[in-house]
Amino acid sequence: MSMLLLKTVQEARAACREAKSRGGGVGLVPTMGALHAGHASLIEAAARENDFVVVSVFVNPTQFAPTEDLDAYPRSLDKDCALAEQMGAQAVFAPTAAQMYPGGEGVWVKVAGRLTEILCGRSRPAHFRGVTTVVAKLFNIIAPDRAYFGQKDGQQAQVIRRMAEELFVPTEIKIMPIVREADGLALSSRNVYLSGREREAALVLSRSLRAVREKIEKGERDPAAALSFLNGLIAAEPLARLEYAEIYSFPALEEFAGEMSGEVFIALAAKIGQTRLIDNIVVAAGPY
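Residues numbered from 1 in each chain as written. Predicted model: local features only at pLDDT ≥ 70, side-chain atom pairs only at ≥ 80, totals over all residues. Heavy atoms only, no water.

Draft legend 1. Structural view of the pattern of salt bridges. If you walk through the whole model with that rule in mind, you get twelve salt bridges. Taken together, the salt bridges that share partners define one network made up of E49, R146, E172 and K174. (Salt bridge = Lys/Arg side-chain N within 4 Å of Asp/Glu carboxyl O.)

See the structure below:
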């Protein structure tokens, strides 16, 4: 069977109903397209665990601020379909904005509270509302048994998990490891915007996270000291402008009242030239 390219909600629902009627599990990999090896790892994982895999390709306008790169965001549907099929997907769902928002942008699914107010939520206050709204729509259209997200967007993954739990969505949320280039740079669709010098400068993000991880593994337990160390490393790169660097417990993303313990989530966002990149790492800091 050749891979299906689904353009409408009706087509996607019909294809998934047919797959379920055969008794197979349905997996969903939500994306905004411009697929790379990180997405490929999600599709491959979904193909291992499900009989019918849908990759959604939709550049969601509601998660972009007016000053962000919606129009410039890379789009490559033909290449995306080829990669999705190569990695084992049975269908690509590529709707228009009119399909996903038939009544306009008046109905929202929002996770309120500190989980969406920290980290990226400070500078992008409407971002997660757009993410949870479109993912909730995809869950209702595809009705997947499992949905796959990358740890690179670590805060987003936890927001989606919270939404699914609170709305009793019967979909298992699978959060998969970050995929990196050989030199450590986290794969991102925005990496294509980097010049050669900026690409080299961007390595300061993963390099600094690894250095902080080593410091914690050697016994550092003071979150303020760890953050000061991280900030100093990134400040040494002239092309990097740090937006935030923060440390929380994982997966709850709560502040440490005192010393770090258990799983520690270290996350940052920075502009390299004009390109905003995010990265994170999880490290064990000993018992609770």
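Alright, that's what it looks like, and here's the rest.
Draft legend 2. Representation of the sheet that holds strand β9 (residues 275-284) in the model. Taken in spatial order, the three strands of this open sheet run β7-β8-β9, and their pairing is antiparallel. Looking at which strands have only one partner, the edges of the open sheet turn out to be β7 (240-249) and β9. Shown here is a sheet whose adjacent strand axes are inclined to one another by a mean of 15 degrees, direction ignored. Relative to strand β8 (residues 263-272), β7 runs antiparallel, the two sharing nine bridges. When the sheet's bridge partners are listed, R241 is paired in β8 with K271. Lying on the sheet, helix α9 (residues 203-217) is in contact with β7, β8 and β9; it crosses β9 at an angle near 20 degrees. (Pairing = 2+ DSSP bridges. Helix = DSSP H or I, 4+ residues; strand = E, 2+ residues; numbered from the N terminus. Axes fitted to C-alpha atoms, helices over the stretch in contact; angles between N-to-C directions. Contact = heavy atoms within 4.5 Å.)

Draft legend 3. Quick peek at helix α2 (residues 37-49). Between its first and last C-alpha, α2 extends 19 Å over 13 residues, near the 18 Å set by a 1.5 Å rise per residue. Every buried residue of α2 is accounted for by G38, H39, A40, L42, I43, A45 and A46. (Expected span 1.5 Å × (residues − 1). Buried < 20%, exposed > 50% of the residue type's maximum accessible area, 1.4 Å probe, protein only.)

Draft legend 4. Representation of the side chain of E246. Structurally, E246 can be placed in strand β7. By relative accessible area, E246 is classed as buried at 10%.

Draft legend 5. Geometry of the sheet that holds strand β4 (residues 91-93). Spatial strand order, β1-β4-β3-β2-β5-β6: six strands in an open sheet with parallel pairing. At either margin of the open sheet sits one strand with a lone partner, and together these are β1 (4-6) and β6 (172-176). Between one strand axis and the next, the sheet turns by 25 degrees as a mean value, whatever way the strands run. In this sheet, β6 lies alongside strand β5 (residues 146-150) in parallel orientation, the contact comprising five bridges. Looking at β6, one finds that R146 is bridged to E172.

Draft legend 6. Seen up close, unusual backbone geometry. Backbone torsion omega between F250 and P251 reads 10 degrees, so that peptide bond is classified as cis. Its place among the elements puts P251 in the loop between β7 and β8. In this structure, A34 takes a positive phi of about 50 degrees despite not being glycine. Relative to the assigned elements, A34 resides in the loop between β2 (26-31) and α2. The buried category is assigned to A34, whose relative accessible area is 12%. Phi is positive for L119, close to 50 degrees, though the residue is something other than glycine. For L119, the position within the fold is in the loop between α4 (97-100) and α5 (120-123).

Draft legend 7. Up close: the packing of α9 against helix α10 (residues 223-235). Packing of α9 against α10 brings their axes to within 9 Å, and their N-to-C directions diverge by 150 degrees. Judged on the interaxial angle alone, α10 and α9 are roughly antiparallel. Like other packed secondary-structure pairs, α9 and α10 cross with a definite hand, here right-handed. Seen from α9, the contacting residues are V204, L205, S208, L209, A211, V212 and K215; seen from α10, they are A226, F229, L230, L233 and I234. (Parallel < 35°, antiparallel > 145°, perpendicular 65-115°, else oblique. Left-handed = near helix turned anticlockwise from the far one by under 90°.)

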